[in-house]
Structure formats: structure tokens, C-alpha cells
Amino acid sequence: MKQQEINYWITAMLNKHERVSDLNLTVGKTLQVESDGVLVPVDVEPPVTELTPFQTEVFALNLIGGNRRLLRDLVTKGSCDLSYSLNDKVRFRVNIFSQKGYYTSVLRKLETTIPSIQKFHFPDAFVKMAREVNGLILFTGATGSGKTTSMAAILNLINEERPVHIVTLEDPIEYVHPHKKATFNQREMGDDFDTFAGGLRAALRQAPKVILVGEIRDRETLEIALSASETGHLVFSSLHTIDAGQTINRVLGMFEQDEQPQIRNRLADTIRWVVSQRLLPRVGGGRVAALEILCTSLRVRDLIINGETEEKTFYNVIKAGSSRDMRTFDQHLLELFEAGLITEESATLYASHRSEIKRGMDTIKAARGERTSSIDDLRMEQHEDDPYRR
């Protein structure tokens, strides 16, 4: 296989389906793309019914292109991350990994248009995040849930409004921001820095006002991020957690028990917002983001410092915090259901508390004049010997 054939496959995979998010090349399967969250096969000429180990290996090596660091990571760690451009028109975030002695390549298509808060209909809370001057803002959720897009939209607003220096540490760079009012310096792991912790430590000497750290993967990175937040920087980063409450507990869990009092106080002073995201199938095609948003408040600070109890939980504080732009996943899911953007099944499947979602959907359906139960012909069974039987 030559480079032209590699690019032909990639082009064919992009063109055969709408809303392609990922390309998947796995031994024993045909070429596949993920469209609207579902893997679907792609036909090419000549046909590829099942990818061979040779084909997937040559494909992977062509993407790596002789980069010694990536080859070393693939051999010693079993996977490597890189970016790949197709004729300077389409960019991909790539992960190549070994499985059962074979190589699999997954290419995430990167959007070239910088997202905006207005275009994506993000909540007003995102505007407030862009106008924070210091502190720590965390975006959480599974891989592919839109965290990078959300942070890029906020950075874009900062870029339009504030003449500040912004340094990003990414793995790899996804959205390429132009210089507007702000000055952007975007650094890519592997090429420009070795680790998030090392890159973040160096960023503190580069006079930024805003720092984006692609992901907090270890305690060292978290400690430097907290220090940066405490010294007047606005720091954005991400974690792989399912909701805002778990995010706080995950951060605290990176420290030993005897360090807890100090770290709880530091986190209470520095955390500004936590946004958790889930992508759901949209009615009519595509996907829509459901957001849980936590904003720092006296009640949130108390929970961080003293911990949760049966009565006092992050979920309950967020649920009651609509006046401060807070909302739970369940509250947002009900808004999306009421707007007709998601189905009842999706709302139930992605809910944090299904009983609350069901009660909320029953209220919405009752207001619409729809049935709130699927039970037909409800009646009591009577035995023939029942003296009250008629």
C-alpha cells in the first residue's frame, strides 16, 4: 500500500456517510466509520471485505511516517497518539494501538471551524466562564463527549474580547485558533513538550493569563494546575468523570488522607466551574449535548471542605442552584425532551436518577395532553368462587 492508497481510503470513508466522527480500521472487519454514534461499513474499490494484519500495519506505519518517538511509544507502551492531515483540508486526532498482536487505527475527525457559544447554543454560563479572571474550570465526560469543543468555544470568546496571552497544551492540537484580540500559543504533546505536568510548569514562565491543559492525568499535573489557579491564572482542563460530584471526589482522591484538609481548602478556593457532558442521539439525526453545570457557591464550598452527607450532596445543591446557572443532567435532559430534541428512551437511558426523569416526563406529557402510562385495560381479576363476583 502506498500513501495515495491510504489517502484514498480515508477520503472514501469520509464521503460515504454524513456526520462522520471517527474512522476505524480493525483486523477482520471492513473499513468502518462512526456516524451519529454508530459504526457503519464503507465500500471501496477494490473491495475490502476483511482487513488483513498487513493492511492495518502498513496503514498505521504510513500515518506515523517514520517518527521515532511514536514508533517507540507504539512498541514499548502498546499505543501512540498523533495528528494527521489530509491534503491540509481535513485534520484527524489518531490513536494507533496493538491488540492480539495486530494494529488498530482510530482516527477522530477534527473540525476546522472554530466553535462559538452562540452557534452551538451553549448556555449563558459559558459566557461567564470566559469572563473569569482566575481559578480552575473543569470539563468532564467520556472520550468524544464534546469537552474540547466546549472549551474551544469559551477560548474563542476570550479571543474576541480580551487582549491576553493564551497558552494551550494539547494532545494533539484540535482547533487551530487565529490571533484576534488575544495572542495564542498552542503546543502539542510530543513535538513541543513531553508531559502535561512539564508543559504546564513551563507555561507558568511564559506569562499567560489563560492556560488550557488538555487533560489532568496525574497528581503532579493537578498540583501545578492548582498552583497556577492560586497565582492569578485562569486554567481550563478536562477529566474522565461522569458528573460534577464525582469530579470533585476524583480530584480529592488523588491525595493521601493526611493531605485532605489542605487540598480541600485549596480546591474550595480555586474551583470556579465544573461542566460534565454527555452526547445523546438527536431526534431526526445527529447528536445533542446534555450538560451538568456546577458553579462555586457557599454551599458548594461547604461540601468540598466538609464532604457530602446523606442530606447534603452535590446533586441536590446543583438541582437547587438554577439562579446561579447550575443544572443537573436530569434537569437538562427534561429540557431537551420537552423541546423534542431527544426521545423518552434516550432521556431515561442517559439519566442520573431515572425515577426523577420519569416523574418529570410524566408531568411534561400530562401538560401536552398525552398519556403518562402505557398500561391498557387495567382491571382486577376475580375468581369464580368470589361471593362479590357479579
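Worth saying up front: this structure is predicted, and the values here are computed from it rather than measured. (Residues numbered from 1 in each chain as written. Predicted model: local features only at pLDDT ≥ 70, side-chain atom pairs only at ≥ 80, totals over all residues. Heavy atoms only, no water.)

Caption draft 1: Local environment of the sheet that holds strand S5 (residues 90-99). Strand order in the open sheet formed by 6 strands is S3-S2-S1-S6-S5-S4, and the pairing between neighbours is antiparallel. Among the strands making up the open sheet, the edge pair consists of strand S3 (38-41) and strand S4 (79-86). Strand-to-strand, the axes of this sheet are offset by a mean angle of 25°, without reference to chain direction. Both strand S2 (residues 32-35) and S3 contribute to a ladder of 4 bridges, which runs antiparallel. By the bridge assignment for S3, Val33 is matched with Val40. Packing of helix H1 (residues 3-15) onto the sheet brings it into contact with strand S1 (20-25), S2, S4, S5 and strand S6 (102-110), and relative to S1 it is tilted by some 135°. (Pairing = 2+ DSSP bridges. Helix = DSSP H or I, 4+ residues; strand = E, 2+ residues; numbered from the N terminus. Axes fitted to C-alpha atoms, helices over the stretch in contact; angles between N-to-C directions. Contact = heavy atoms within 4.5 Å.)

Caption draft 2: Representation of the nonpolar core. The biggest cluster of nonpolar side chains holds 66 residues, and the ones touching the most others in it are Phe126, Met129, Phe139, Ile158 and Phe236. If we skip the residues at most four places from it in the chain, Ile158 touches Ala130, Val164, Ile166, Ala182, Val210, Leu234 and Phe236. (Core = buried A, V, L, I, M, F, W, Y, C linked by side-chain atoms within 4.5 Å. Buried < 20%, exposed > 50% of the residue type's maximum accessible area, 1.4 Å probe, protein only.)

Caption draft 3: Structural detail: the packing of H1 against helix H2 (residues 53-64). The N-to-C vectors of H1 and H2 enclose an angle of 100°; their axes lie 10 Å apart at closest approach. When the axes of H1 and H2 are compared, the pair comes out roughly perpendicular. When H1 is examined against H2, the residues Gln3, Ile6, Trp9 and Ile10 are found in contact with a partner set consisting of Gln55, Phe59, Asn62 and Leu63. (Parallel < 35°, antiparallel > 145°, perpendicular 65-115°, else oblique.)

Caption draft 4: Seen up close, the sheet that holds strand S12 (residues 271-281). Ordered by their spatial adjacency, 7 strands build an open sheet running S9-S8-S10-S11-S7-S12-S13, and the pairing between neighbours is mixed. At either end of the open sheet lies a strand with only one pairing partner, and these are strand S9 (183-188) and strand S13 (287-295). Pairwise comparison of adjacent strand axes, ignoring direction, gives a mean angle of 15° for this sheet. The pairing of strand S10 (residues 210-213) with strand S11 (residues 234-239) spans 4 bridges and is classified as parallel. Following the sheet pairing, Ile211 is matched in S11 by Val235.

Caption draft 5: Quick peek at the pattern of salt bridges. Per the counting criterion, the structure on display carries 20 salt bridges. The closest approach of N and O atoms between Glu160 and Lys180, which form a salt bridge, is 3.5 Å. One end of the pair, Glu160, is in helix H5 (residues 147-161); the other, Lys180, is in the loop between strand S8 (165-170) and S9, with 20 residues separating them in the sequence. Judged by relative accessible area, Glu160 falls into the partly exposed class, the value being 38%. Each member of the salt-bridge network shares a partner with another, and the members are Arg69, Asp73 and Lys77. (Salt bridge = Lys/Arg side-chain N within 4 Å of Asp/Glu carboxyl O.)

Caption draft 6: Fine view of the side chain of His177. Among the structural elements, His177 can be located in the loop between S8 and S9. Take His177: its relative accessible area is 7%, and that puts it in the buried class.

Caption draft 7: Seen up close, the domain arrangement of the chain. Here the chain is described as being made up of domain 1 (3-110) and domain 2 (124-327). Distance from the C-alpha centre of domain 1 to the C-alpha centre of domain 2: 30 Å. Contacts between the two partners involve 13 residues from domain 1 and, on the opposite side, 14 residues from domain 2. Counting the surface lost from both domain 1 and domain 2, the interface buries some 1,000 Å², and carbon and sulfur atoms represent 45% of this. Area buried by domain 1 at its contact with domain 2 is led by Arg69, Arg91 and Arg93, which between them contribute 40% of it. In this assembly, domain 1 and domain 2 are joined by 1 salt bridge. In this structure, Glu174 and Arg93 form a salt bridge, with 2.2 Å as the shortest nitrogen-oxygen distance. At the surface where domain 1 touches domain 2, the tally comes to 6 residue pairs in polar contact (both at pLDDT 80 or more). Top contributing element to the side of domain 1 that touches domain 2 by residue count: S4, with 3 residues. (Domains from an automatic or database assignment. Buried area = accessible area lost by both parts, 1.4 Å probe. Polar contact = N/O pair within 3.5 Å; in protein donor to acceptor, adjacent residues only side chain to side chain.)

Caption draft 8: How the structure looks around the pairing of strand S7 (residues 135-140). With 6 of its 6 residues buried, S7 lies for the most part within the structure. Neither face of S7 is open: one carries Gly135, Ile137 and Phe139, the other Leu136, Leu138 and Thr140, and all of them are buried. Here S7 pairs with S11 via 6 bridges, running parallel. Bridge assignment links Gly135 to a residue of S11, and that residue is Leu234.

Caption draft 9: Just unusual backbone geometry, in detail. The peptide bond linking Glu45 to Pro46 adopts the cis configuration, its omega dihedral lying at -5°. In this structure, Pro46 sits in the loop between S3 and H2. In the segment running from Asp171 into Pro172, the intervening peptide bond is cis, with an omega of -5°. Among the secondary structure elements, Pro172 is positioned in the loop between S8 and S9. If you check the backbone angles, Lys100 has positive phi at about 55° while not being a glycine. In this fold, Lys100 is placed in the loop between S5 and S6.

Caption draft 10: Structural detail: the packing of aromatic side chains. All told, the structure shown has 5 aromatic pairs when counted by the stated rule. Consider the rings of Trp9 and Phe59, whose centres lie 6.3 Å apart with planes at 25°: the pair is stacked. In this pair, Trp9 is assigned in helix H1 and Phe59 in helix H2, connecting sequence segments 50 residues apart. Note on accessibility: Trp9 and Phe59 belong to one class, buried. Considering the side-chain rings of Phe122 and Phe126, the 4.6 Å spacing of their centres and the 20° angle between planes classify their relative orientation as stacked. Take Phe122 and Phe126: they sit in the same class, and that class is buried. These aromatic residues form a ring-pair network of at least three members: Phe120, Phe122, Phe126 and Phe139. Here Arg278 stacks its cationic end above the ring of Phe329, 3.8 Å away from the centre of that ring. The residue whose ring lies beneath Arg368 is Phe337, and the NZ or CZ to ring-centre distance is 5.1 Å. (Phe/Tyr/Trp six-rings, centres within 6.5 Å; stacked < 30°, edge-to-face > 60°. Lys NZ or Arg CZ within 6 Å of the ring centre and 35° of its normal.)

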